[in-house]
Amino acid sequence: MAPKSKRGKAKGEKKKKDEKVLPVAIDITVNLPDQSDVILKGISTDRIIDVRRLLCVNTATCAITNYSLLHETRDGHLKDGADIATLKPYTLTLVEGEYDEDSALVHIRRLLDIVACTASFGSPPPPPPPPSPKDADATKEPSNSSSKPAAAASSGGRRTGSPPPLPKESAAKDADAAAAKEDAVSAELEAEMSGACPRLGAFYEFFSLANLSPPLHFIKRVTQPRQEEQPSDDHLFFLEAKLCNGKFVIVEARRKGFFSFGKQRVLCHNLVDLLRHLSRAFDNAYEDLMKAFLERNKFGNFPYGYRANTWLVPPIAAQSPSIFPPLPAEDETWGGNGGGWGRDGKSDMLPWADEFMYLTSMPCKTAEEREIRDRRAFLLHSLFVDVAIFRSIAAIRHVMESTDVSTSIKIDEVLHSETVGNFSITVTRDSSDASCKLDTKIDGSRATGMDSKHLAERNLLKGITADENTAAHDVDSLGIVNIRYCGYVAVAKVNNYEKTIVTSFKPADITDQPEGGAHALNINSLRMLLNEANATGEKKLPTQSHRQEELTAAQTYAENLLKESLQNLEEEETDKQSFMRWELGACWVQHLQDLKKSDKDKKQGDGKEKKKTVNKDVKETKIEGLGKPLKALKHPKNAVDASGKGSSSGNKSLTDTTSSGESQKVKPSSVEPLQGDCITSENEFLLKDVLLDSAFTRLKDSETGLHQKSPSELIEMALKFYDEVALPKLVADFGSLELSPVDGRTLTDFMHTRGLQMRSLGRVVKLSEKLSHVQSLCVHEMIVRAFKHIVQSVIAATSDMRQLALTIAAVLNLLLGVPESEFSGSSPAVHPLVWRWLVAFLKKRYQYELTGQHYDDVRKYAILRGLCHKVGIELAPRDFVMDSAFPFCKQDIISLVPVHKQVACSSADGRQLLESSKTALDKGKLEDAVNYGTKALAKLIMVCGPYHRMTAGAYSLLAVVLYHTGDFNQV
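Predicted model, so just to flag it, every value in this text is computed and none were measured.

Asker: Could you give an account of empty space enclosed by the protein, with specific residues and numbers?
Answerer: Counted according to the given criterion, the structure contains six cavities of 30 Å³ or more. Taken as a whole, the largest cavity spans an internal volume of roughly 100 Å³. What lines the largest cavity is Asp430, Arg484, Tyr485, Cys486, Gly487, Tyr488, Gln792, Ile795, Val871, Leu896 and Val897. Counting residues per element, the ones that place at least two in the lining of the largest cavity are β12 (480-485) and α25 (772-797). In the lining of the largest cavity, the residues fall into seven nonpolar, two polar and two charged. In this model, the second largest cavity occupies a volume close to 70 Å³. As for the second largest cavity, its lining consists of Asp374, Ala377, Glu468, Ala471, Ala472, Cys905, Ser906, Ser907, Ala908 and Arg911. Of the residues contributing to the lining of the second largest cavity, the split by class is five nonpolar, two polar and three charged. No fewer than three residues from each of domain 3 (337-526) and domain 5 (906-970) sit in the lining of the second largest cavity.

Right, dumping it as structure tokens:
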């Protein structure tokens, strides 16, 4: 949808100010201290912080950490926020700086991170088999071959010369075997690419270079060097490194660089340069590693800063699940951590209520003012979310250590409550009944303390009066974070809001995010390891039969819980849809305004006048399947034809309703119009009482007539809009937009931004008859959500944390495994109890009839991935046999991570521009799509930073638009 037009901005001068320059690819030259230079491929929208990232992924400069950048036109060091476009020519100079202890630790951590791909993401290939006696004799015979083939033969038995001719039979067998192997590999590759059978065991294969020899084995800090050496004046610490050839090197970290002890005493600013100077073996291994990076990606921008932040843990962690060795970027030994703010506790006592209320007093009339306000709101909200998560996890762990879960605990019973400055934290136990859905919505009844009826009215009024400032001014929603963790639910909420801003209040100076947002909080770093008991448990490994007995017993326990939950689900009454998202009201008003604008355009016969009126505003085209026209949404009272005197007075739609009842002329012979005026005036006074003056004026100026309706009438009309317009239009967008949802998360975002609830997935499937990919995505999402409740209930019902990994593995086997012989005849191939749960759950919650054909097309790995994301399960990267009864075992369940909810805080102007770009692209207006996309990208970079998910989406959208324009160089 196009941005709302502002009055007084039709002049050419203001249009020129709003235009943004299209991002273009540029070459950035960086002069290095050794008189060499590197050329980086950047974008004109980049800043100095982006140049630093480009230097990190370049093979020539990846090991350099402590430096500053200079430009010939600027005095002093360039700040991270300086725009590259203002630095012409695009030539920078890298100047090395002095170390302190923290920066020296960062430097060592970078080296460990670079070489991590040789050991952390895969096991090395097996050694080649020993040569046969014949081959050994052949290698001993003299030959005229060069030394290279001889070396190759001695190391691996390979021959570079032509082999002796083989018998015809053996040659035919070898050819058949090679052909069969090639067919098997191609079939496996085709299945993996299609998604039918992905190899989770090869999940980290792209990052792994385990076939190479690691340049070094480890680096550790030491207190005293082996030789009797005195620390220098600028001494920081000592370290010991074991290189690939087994040699140990003692190095002193100094402020000016790294100094080696021993025969060769060398000082280098870069540790890599020092080790390459000391050891030829390290030099060769490091050079091979850089060549491998270049072969993997011709641009050389290899990944770095590895973090364990997804549902499959790195192989090195799966090998030691009770310890979970950290990756270098998160290794606290070298100053690493899981990222985010608030780890030091310095921000806990901020006056959060005053800080959030200060946002409402900041200037916000112009786009520039809103950009400044939105940036502060984004930083403040990000800081609060991190602080709330850290304190909530600490509170939950305190409850886990002090509370006996085996005792009966009610669902809403508060187990722990504490107040930290301006916000409070309450901890409750999650429900062990899978049919019971806890209200964890940010603006739900539990968080707001309002009943469902008044909450729906409140959200709808918020939506129909919304503008660019609504999200930033909703301080109640900004100050709430919900966390689910290990069977507990914690709610962090800011209290004591004062509606009047204290004029003497000075807001806190919130610095920029670490590394521009690239080092944001990795929620997976707060994991709870579930295999810790193995470290001190039995040394004897359990047998296969013993493991199966344990899984069978745990699965029986899960089945009993599922039976009780299924019985409660079948007995519950289907409640009517009461909750309403405020985004629905905003989309409704936009729809009404677009229809009114379209009606005005149709009335104007002259084409020239039509062009002048429309100008560059995006018109909403008619989309098939939008349901009834807008006139069907009018209130029945406005549809009464008074005494049959034409249809002009009694058949008015919302868009034809006058803005005020006082301006309507009352006919003496008609009584009904007079009553209508009285009702309209009463409704206006009623809305004025519950809305702010500015909000009511904004609603009245929208010229939709909604300000003349009562809250109950608005609810009824909004529900009609939801059913007859919003849902069919969503399906039409799925079929026409270039960028459609690809997984459960993007589908949820796609629907929530339009005010639609996930309860409507069943109806979306029915409306998407010609969109099989949309139907499949919705069916998968419904099944994932149905399974999510079962897993969460089992976790909540498990009192012994030592048995939690076994219980989770058992319930996953129950949900995703193929039942044994007694259930083998069931159709589809799923446990009958699970099938009954799926059918009942989807019927009750989504009004959708699930059939066996639907389940036969389900991709179990997609279900597993969505389930792990929603519940917070980390698995070992293994190729699970989903066709078996026990695809998962206890050792596959590594840990549980927190799952949190908070309101999305970004730029309303940026999101609006993104939607405008998508709409223009859908209609083929590529010039408008490029213009809107460029503005959206610039806005989101300023507000959310260059590494936020919204910014990445803006880059992706702009790349799609430029691809359609044929500008492949910029893509």
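What follows continues from the structure just given.
Asker: An account of the sheet that holds strand β16 (residues 893-896) is needed here, citing residue identities and associated values.
Answerer: The three strands lie next to each other as β14-β16-β15, forming an open sheet whose pairing is antiparallel. Each edge of the open sheet carries a strand with a single partner, namely β14 (528-529) and β15 (873-875). Pairing geometry for β14 and β16, over two bridges, is antiparallel. Note that in β16 the partner of Leu529 across the bridge is Ser895.

Asker: Residue-level account of the sheet that holds strand β11 (residues 423-429), with values.
Answerer: Ordered by their spatial adjacency, five strands build an open sheet running β10-β11-β13-β12-β17, and the pairing between neighbours is antiparallel. In the strand order of this sheet, the two ends are held by β10 (414-420) and β17 (899-901), each with one partner. Shown here is a sheet whose adjacent strand axes are inclined to one another by a mean of 15 degrees, direction ignored. As paired strands, β10 and β11 are joined by six bridges and run antiparallel to one another. Opposite Ser417, over in β11, you have Thr426 as the bridge partner. Helix α11 (residues 367-402) rests against β10, β11, β12, β13 (488-494) and β17 of the sheet, and its axis sits at about 40 degrees to β12.

Asker: Can you tell me about unusual backbone geometry, naming the residues and giving the values?
Answerer: A negative phi holds for most residues other than glycine; trans holds for most peptide bonds. Cis geometry marks the peptide bond from Lys88 to Pro89; its omega dihedral reads 0 degrees. Within the fold, Pro89 resides in the loop between β3 (67-70) and β4 (91-96). Positive phi values are uncommon outside glycine, yet Glu703 reaches one of about 60 degrees. Within the fold, Glu703 resides in the loop between α21 (693-701) and α22 (711-736). Overall, Glu703 belongs to the partly exposed group, its relative accessible area being 40%. One non-glycine residue, Gln847, adopts positive backbone phi at about 50 degrees. One can find Gln847 in the loop between α27 (832-846) and α28 (852-856). Using a relative accessible area of 37% as the deciding quantity, one classes Gln847 as partly exposed.

Asker: Tell me about the nonpolar core, and please be specific about residues and values.
Answerer: General note: in soluble globular proteins, nonpolar side chains tend to be found buried as a group. In terms of nonpolar packing, the biggest core is built from 208 residues, with Ile219, Trp352, Phe356, Trp588, Phe787, Leu864 and Leu875 touching the most fellow members. Sort the elements by how many residues they give to this core and α11 lands first, with 16 residues. In this view, Phe356 contacts Leu380, His381, Phe384, Val475, Leu478, Gly479, Val494 and Tyr497; residues no more than four positions away in its chain are not counted. Within the second largest apolar cluster, 18 residues are counted, among which are Val51, Tyr67, Leu78 and Ala82.

Asker: Describe the pattern of salt bridges, listing the residues and the values that go with them.
Answerer: A pair can form between side chains of opposite charge whenever their charged atoms are brought close. With the rule as written, the count across this model stands at 35 salt bridges. One connected set of salt bridges, linked through shared partners, spans Lys729, Asp733, Arg754, Glu915 and Lys918.

Asker: Residue-level account of the environment of Val839, with values.
Answerer: You can see Val839 is positioned in helix α27. Under the relative-accessibility criterion, Val839 is labelled partly exposed at 25%. The spacing of Val839 and Ala786 is 53 residues in sequence and 9.6 Å in space, taken between C-alpha atoms.

Asker: Outline the confidence of the model for the chain, listing residues and values.
Answerer: Close reading of the predicted structure is inappropriate where its pLDDT is low. On average, residues of the chain carry a pLDDT of 81, and 78% of them reach 70 or more. Looking at the elements of the chain, mean pLDDT is at its lowest for helix α5 (residues 147-156), recorded as 35, and at its highest for β15, recorded as 97. Scored below 50 in pLDDT, residues 534-539 shows two contacts in the model against residues more than four places distant or in partner chains.

Asker: Explain the packing of helix α26 (residues 804-816) against helix α29 (residues 860-871) residue by residue, including any values.
Answerer: α29 packs onto α26 with a crossing angle of 145 degrees between their chain directions and a minimal axis gap of 11 Å. Note that α26 runs across α29; the crossing there is right-handed. Along the contact surface, α26 presents Leu812, Leu815 and Leu816, while α29 presents Lys860, Ile863, Leu864 and Leu867. Tallied by class, the residues present in the contact of α26 with α29 amount to six nonpolar, no polar and one charged.

Asker: Describe the pairing of β16, and please don't skip the residues or the numbers.
Answerer: Taken together, the three bridges between β15 and β16 define a ladder with antiparallel strand orientation. Bridging from a neighbouring strand, Glu874 pairs with Ser895 of β16.

Asker: Go over the packing of aromatic side chains with me, naming the residues and quoting the values.
Answerer: In this description, a pair of aromatic rings is defined by centroid distance and the angle of the planes. On inspection of all chains with the given rule, the structure shows 23 aromatic pairs. Judged by centre distance (5.5 Å) and plane angle (80 degrees), the rings of Phe206 and Phe207 are edge-to-face. Measuring from ring centre to ring centre gives 5.9 Å for Phe282 and Tyr286, while their planes differ by 20 degrees; the resulting arrangement is stacked. Of the two residues, Phe282 and Tyr286 both sit in helix α8 (residues 280-296), four residues apart, roughly one turn of that helix. As far as the burial class goes, Phe282 and Tyr286 line up, both buried. A network of ring pairs unites the aromatic residues Phe121, Phe203, Tyr204, Phe206, Phe207 and Tyr306 as a single cluster.

What counts and how
- Residues numbered from 1 in each chain as written.
- Predicted model: local features only at pLDDT ≥ 70, side-chain atom pairs only at ≥ 80, totals over all residues.
- Heavy atoms only, no water.
- 1 Å grid on protein atoms, 1.4 Å probe; cavity = no way out; pocket = protein on both sides within 12 Å on 5 of 7 lines; lining within 4 Å.
- Points joined across faces, edges and corners; volume = space filled by probe spheres on them.
- Helix = DSSP H or I, 4+ residues; strand = E, 2+ residues; numbered from the N terminus.
- Nonpolar A, V, L, I, M, F, W, Y, C, P; charged D, E, K, R; others polar.
- Domains from an automatic or database assignment.
- Pairing = 2+ DSSP bridges.
- Axes fitted to C-alpha atoms, helices over the stretch in contact; angles between N-to-C directions.
- Contact = heavy atoms within 4.5 Å.
- Buried < 20%, exposed > 50% of the residue type's maximum accessible area, 1.4 Å probe, protein only.
- Core = buried A, V, L, I, M, F, W, Y, C linked by side-chain atoms within 4.5 Å.
- Salt bridge = Lys/Arg side-chain N within 4 Å of Asp/Glu carboxyl O.
- pLDDT = per-residue confidence, 0-100.
- Left-handed = near helix turned anticlockwise from the far one by under 90°.
- Phe/Tyr/Trp six-rings, centres within 6.5 Å; stacked < 30°, edge-to-face > 60°.

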